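Examination of the molecular architecture
So you can see what is in the structure, the chains are spelled out below.
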Amino acid sequence: EGVNWDFNYSCLLMIASIVAALGLALDSSTTVISSMLLSPIMGPVIGMSYGLCVWDFNIIKRSARNEVISVILCVIYGFIIGACCHWTYMAEEWPTDEMLSRGTRTTFLAGIPIAFFSGLGVALSVLDDQTSSLVGVAIS
């Protein structure tokens, strides 16, 4: 379900990217976290995890492709929002603490296993109808 690229996925990706970019620009961790709840990027992560569980390499490839495209589009949207905000008072404080804390190599490398195991958790909860943990997984 969340593996396929469709209109809703594209719209949610754009909205979540804009909210995240504005959260970073305003140094608002609450806004950045809310963008994580809006983001559809967990769908391809779930697809990769599910594909690994059932050994379906077509789902793994499609999910990986959609994840890479999603990340590239998020960077492009962030660049556009940053360019638009560069002329405002927000840019006077750049880089903000939120930008500095999320832009380190350690944070990036630690995020990879967190995303993978979060995807496994979501895959298990969706397959077993245990949706109570989904919000926590989205925030992680």
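Residues numbered from 1 in each chain as written. Predicted model: local features only at pLDDT ≥ 70, side-chain atom pairs only at ≥ 80, totals over all residues. Heavy atoms only, no water.

1. Observations regarding the overall build of the protein
To keep things clear, this is the line we draw: Secondary structure follows DSSP: runs of H or I at least 4 residues long count as helices, runs of E at least 2 residues long count as strands, and numbering of each begins at the N terminus. Under the scheme applied here, a residue whose accessible area is under 20% of the maximum for its type counts as buried, over 50% as exposed, and between as partly exposed, the area being computed with a 1.4 Å probe on protein chains only. The contact definition used throughout considers only heavy atoms, calling two residues in contact when any of these lie within 4.5 Å.
Looking only at helices and strands, the protein has seven helices and zero strands in total. Reading the protein from its N end, one meets helices and strands in the order α-α-α-α-α-α-α. The 140 residues of the protein split such that 26% are buried. Summarising the internal contacts of the protein: among those between residues at least 6 apart in sequence, 65% fall at separations of at least 24.

2. Focus on the environment of Ala-123
Residue placement: Ala-123 occurs in helix H6 (residues 105–127). Judged by relative accessible area, which is 7%, Ala-123 ranks as buried. For the pair formed by Ala-123 and Gly-43, sequence separation is 80 residues and the distance between their alpha carbons is 9.6 Å.

3. Let's talk about helix H1 (residues 7–25)
Put simply, the rule is: One less than the residue count of a helix, multiplied by 1.5 Å, gives the span that helix is expected to have.
An ideal rise of 1.5 Å per residue puts 27 Å on 19 residues; H1 measures up with 27 Å between its terminal C-alpha atoms. Buried positions along H1 lie against helix H2 (29–38), helix H3 (42–54), helix H4 (57–85) and helix H5 (97–102). Downstream of H1 by one or two residues, Asp-27 has phi in the positive range, about 60°.

4. Observations regarding the packing of H1 against H2
Short version of the rule: To get an axis, fit a line to the C-alpha atoms, keeping to the stretch in contact for a helix; angles then go from 0 to 180 degrees between the N-to-C directions. Any angle that is under 35 degrees is reported as roughly parallel, and any over 145 degrees as roughly antiparallel; angles of 65 to 115 degrees are reported as roughly perpendicular and all others as oblique. Note on residue classes: Ala, Val, Leu, Ile, Met, Phe, Trp, Tyr, Cys and Pro are nonpolar, Asp, Glu, Lys and Arg are charged, and everything else, Gly too, is polar.
Between H1 and H2, whose axes approach to 8 Å, the crossing angle comes to 170°. It follows that H1 is roughly antiparallel to H2 by the angle criterion. Along its contact with H1, which presents Leu-12, Ile-15, Ala-16, Val-19, Ala-20, Gly-23 and Leu-24, the element H2 presents Thr-31, Val-32, Ser-34, Ser-35 and Leu-38. Each residue belonging to the contact of H1 with H2 can be placed in one class, and the counts come to eight nonpolar, four polar and no charged.

5. A look at the side chain of Ser-17
As a reminder of what qualifies: Counted as a polar contact is a pair of N or O atoms within 3.5 Å, where, for protein atoms, one must be capable of donating a hydrogen and the other of accepting one, and residues adjacent in sequence contribute only when both atoms are in side chains.
Examined against the element boundaries, Ser-17 turns out to sit in helix H1. Accessibility expressed as a relative area gives 7% for Ser-17, which makes it buried. A distance of 2.7 Å separates a polar atom in the side chain of Ser-17 from the backbone oxygen of Leu-13. Those residues in contact with Ser-17 that lie beyond four places of it in its chain are Cys-74 and Tyr-77.

6. Regarding H3
Every α-helix carries 3.6 residues per turn, so stepping three or four residues along brings you back to the same face. The terminal C-alpha atoms of H3 lie 18 Å apart, and with 13 residues this matches the ideal 18 Å at 1.5 Å per residue to within 8%. For H3, every residue scored as buried is listed here: Gly-43, Pro-44, Val-45, Gly-47, Ser-49 and Gly-51.

7. A short note on the side chain of Asn-66
Its place among the elements puts Asn-66 in helix H4. Residue contacts for Asn-66: discarding those within four places in its chain leaves Val-3, Asn-4, Trp-5, Tyr-9 and Pro-44.

8. Observations regarding a negative patch on the surface
Quick reminder of the rule: In this analysis, a patch consists of residues with relative accessible area above 30% that form no salt bridge, clustered at 9 Å for like charges and at 5 Å for the nonpolar side chains Val, Leu, Ile, Met, Phe, Trp and Tyr. Note on areas: these come from Shrake-Rupley sampling with a 1.4 Å probe, and a residue is covered only by the protein chains present in the view. Throughout this description, the term salt bridge denotes a Lys or Arg side-chain nitrogen within 4 Å of a carboxyl oxygen of Asp or Glu. By the counting rule applied here, Lys and Arg register as positive and Asp and Glu as negative, while His and the ends of each chain are not counted. Charge positions come from single atoms, namely NZ of Lys, CZ of Arg, CG of Asp or CD of Glu.
Among the surface-exposed residues, Asp-27, Glu-92, Glu-93 and Asp-97 lie close enough to one another that they form a single negatively charged patch. For Glu-93, the position within the fold is in the loop between H4 and H5.

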